[in-house]
Amino acid sequence: MRTIDDLDVAGRKVLVRADLNVPLQDGRITDDGRIRASLPTIEALRDKGAKVVVCAHLGRPKGEVKSEFSLGPVAIRLGELLGVRVVFADDVAGASAHAAVSGLGDGDVALLENLRFEPGETSKDDAERGAFADKLAALADVYVGDGFGAVHRKHASVYDVPKRLPHAAGDLIATEVSVLEKLTEQVERPYAVVLGGSKVSDKLGVIDNLLGKADRILIGGGMVFTFLKAQGHEVGNSLLEEDQLGTVREYLRRAEESGVEFVLPVDVVAATAFAADADHEVVAADAIPADRLGLDIGPESGKLFAARLAGARTVFWNGPMGVFEMEPYSHGTRAVAQGLIDSGAFTVVGGGDSAAAVRQLGFDEGAFSHISTGGGASLEYLEGKALPGLQALED
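Reading the values: the criteria
Residues numbered from 1 in each chain as written. Predicted model: local features only at pLDDT ≥ 70, side-chain atom pairs only at ≥ 80, totals over all residues. Heavy atoms only, no water. Helix = DSSP H or I, 4+ residues; strand = E, 2+ residues; numbered from the N terminus. Pairing = 2+ DSSP bridges. Axes fitted to C-alpha atoms, helices over the stretch in contact; angles between N-to-C directions. Contact = heavy atoms within 4.5 Å. Parallel < 35°, antiparallel > 145°, perpendicular 65-115°, else oblique. Left-handed = near helix turned anticlockwise from the far one by under 90°. Nonpolar A, V, L, I, M, F, W, Y, C, P; charged D, E, K, R; others polar. UniProt positions renumbered as here; feature names shortened; annotations may be inferred. Buried < 20%, exposed > 50% of the residue type's maximum accessible area, 1.4 Å probe, protein only. Polar contact = N/O pair within 3.5 Å; in protein donor to acceptor, adjacent residues only side chain to side chain. Expected span 1.5 Å × (residues − 1). Arc of directions from axis to C-beta. Phe/Tyr/Trp six-rings, centres within 6.5 Å; stacked < 30°, edge-to-face > 60°.

Caption draft 1: Looking closely at unusual backbone geometry. Here the residue pair Arg189 and Pro190 is connected by a cis peptide bond, since its omega of 5° sits within 30 degrees of zero. Checked against the element boundaries, Pro190 lands in the loop between helix H7 (171-184) and strand S9 (191-195). Positive phi is not limited to glycine here, since Asp26 has a value of about 55°.

Listed below in structure tokens is the structure:
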């Protein structure tokens, strides 16, 4: 992939596909991590004298204009972080967008409204998607792909626009790919993978692929109860994917056969309801009461997981160990995060809820080797899938 150092952008309009999909609550940004991650590329282009046109999505408005998904608050925060005024277009590729772009001077920055307000952005119809890509491409002279969190999507701004303009990868995508290569092609062993989150089905592909690559796989979060059930244990009212029990049993069999160590919790925090103030207690993982549900791994499991990370040279973590947003069920995720830090390994936090947990729980982001901006994209890369956004930039 070409990088922005390979492009002549002085005085030219550069369309930057960024990932600014930040969480909002009552119009307020609750975590600006993705905006901060986009700054190096934008600042580098400004320093080169480019007229920077940023485009991104927020949420899933499904092709309709919905005010709660407006990028207006993001434009304000981006301007604060850059220390300059960011011109905000109140449409994606219409009159407002053209006016915003035409008024830019060298080093200026504009942000277009939410890409997903346009049906063509996410359309599965090549012609509809292509027609929208034509409109976006008409706004710029050069394209820079830097929204790693969207590269696994075959969307107009990710896949089709770079086919229409000279293009390169931004600093964020170049960094993300370099890190992921260390997890797939240049792995220092032992290689430990920590997987959490709610559903086994979300992680099937990556577990399948990692069974031949990782030395140990640690399982927590809501998905662990399908593993415990597959071993014949009572899981009470815990999250369970009955239709995945056979697949999980096969994974456990393959792991044993291939020498991959599967590490499951030895205790869990079981509550009477999905609520922070519900009655809860620590119970053995194989003795969850029938009337309770597991909402976190227990303290002994936290110690076990930290111990199994201690000897690793490479660690990838995707998915919290419990419902970390509720304090009583945040301790397992905290223990794993600290375990990564203490391991001294090359540590990668795989985006999404894991990255949010690191910030929400107050950890120093610099204590980890890399915090990815793309949970889904990271997982699909580790599954061995071809990612449309990267393919487009490699052409």
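Caption draft 2: Region of interest: the sheet that holds strand S14 (residues 293-297). In spatial order, the strands read S13-S12-S14; together these 3 strands make up an open sheet with antiparallel pairing. The outermost strands of the open sheet, each flanked by one partner alone, are strand S13 (280-284) and S14. Averaged over neighbouring strand pairs, the angle between their axes works out to 40° when direction is ignored. Strand direction decides the pairing type here: strand S12 (residues 267-271) and S14, joined by 4 bridges, are antiparallel. Its bridge partner lying in S14, Ala271 is registered against Leu293. Relative to S14, helix H11 (residues 299-310) is tilted by about 40°, and along the sheet it contacts S12, S13 and S14.

Caption draft 3: Layout of the packing of H11 against helix H12 (residues 331-343). Between H11 and H12, the least distance of the axes is 9 Å, while the angle of their chain directions is 25°. As the angle between them shows, H11 and H12 are arranged roughly parallel. Considering only the axes of H11 and H12, their crossing is right-handed. Residues Gly302, Phe305, Ala306, Leu309 and Ala310 of H11 lie in contact with H12, whose contacting residues are Ala335, Val336, Gly339, Leu340 and Ser343. For the contact of H11 with H12, the class distribution of residues is 7 nonpolar, 3 polar and no charged.

Caption draft 4: Layout of the sheet that holds S9. Pairing in this open sheet of 6 strands is parallel, and the strands run S11-S10-S9-S15-S16-S17 from one edge to the other. The open sheet terminates on both sides in strands that have one partner only, identified here as strand S11 (261-263) and strand S17 (370-371). Judged from the 5 bridges that link them, S9 and strand S15 (residues 314-318) form a sheet pairing that is parallel. Following the sheet pairing, Val193 is matched in S15 by Phe316.

Caption draft 5: Region of interest: the UniProt feature "binding site: substrate" (unreviewed entry) in the chain. In the numbering used here, UniProt assigns the "binding site: substrate" (unreviewed entry) feature to Asp19, Leu20, Asn21, Arg34, His57, Leu58, Gly59, Arg60, Arg116 and Arg153. With respect to the helices and strands, Leu20 occurs in the loop between strand S1 (13-17) and strand S2 (24-25). If near-sequence neighbours (up to four positions away) are discounted, Leu20 is found in contact with Arg34, Ile35, Ser38, Val54, Ala56, His57, Leu58, Leu71, Val74 and Leu111. Residue position: His57 is located in the loop between strand S4 (51-55) and helix H2 (72-82). On the basis of relative accessible area, His57 is assigned to the buried category, the value being 4%. In this view, His57 contacts Arg17, Asp19, Leu20, Asn21, Leu71, Asn114, Leu115, Arg116 and Ala150; residues no more than four positions away in its chain are not counted. For His57, the side chain forms a polar contact with the side chain of Arg17, separated by 3.1 Å.

Caption draft 6: Representation of H12 within the structure. Taking 1.5 Å per residue as the helical rise, H12 with its 13 residues ought to reach 18 Å, and the 18 Å between its terminal C-alpha atoms agrees with that figure. Residues of H12 that are buried: Gly332, Thr333, Val336, Ala337, Gly339, Leu340 and Ser343. End-on view of H12: buried residues confined to an arc of 155°, all on one side of the axis. Tucked inside the fold, the buried residues of H12 contact S9, S14, H11, S15, strand S16 (346-349) and helix H13 (352-360). Of the residues flanking the end of H12, it is Gly344, one or two places downstream, whose phi is positive at about 75°.

Caption draft 7: Expanded view of the environment of Asp171. Position of Asp171 relative to the elements: it lies in helix H7. In this structure, the C-alpha to C-alpha distance between Asp171 and Pro40, residues 131 residues apart in sequence, is 6.8 Å. With sequence-adjacent residues up to four places away left out, Asp171 is seen in contact with Ile4, Pro40, Thr41, Ala44 and Asp146.

Caption draft 8: Highlighting the packing of aromatic side chains. Counted under the stated rule, the structure contains 2 aromatic pairs. Ring geometry for Phe227 and Phe262: centres 5.6 Å apart, planes at 40°, overall tilted. Of this pair, Phe227 sits in helix H9 (residues 224-230) while Phe262 sits in strand S11, placing them 35 residues apart in sequence. Since its relative accessible area comes to 0%, Phe227 is described here as buried. Residue Phe262 is classed as buried on the basis of its relative accessible area, which comes to 17%. Judged by centre distance (6.4 Å) and plane angle (70°), the rings of Phe363 and Phe368 are edge-to-face. The exposure classification of Phe363 matches that of Phe368, with both residues buried.

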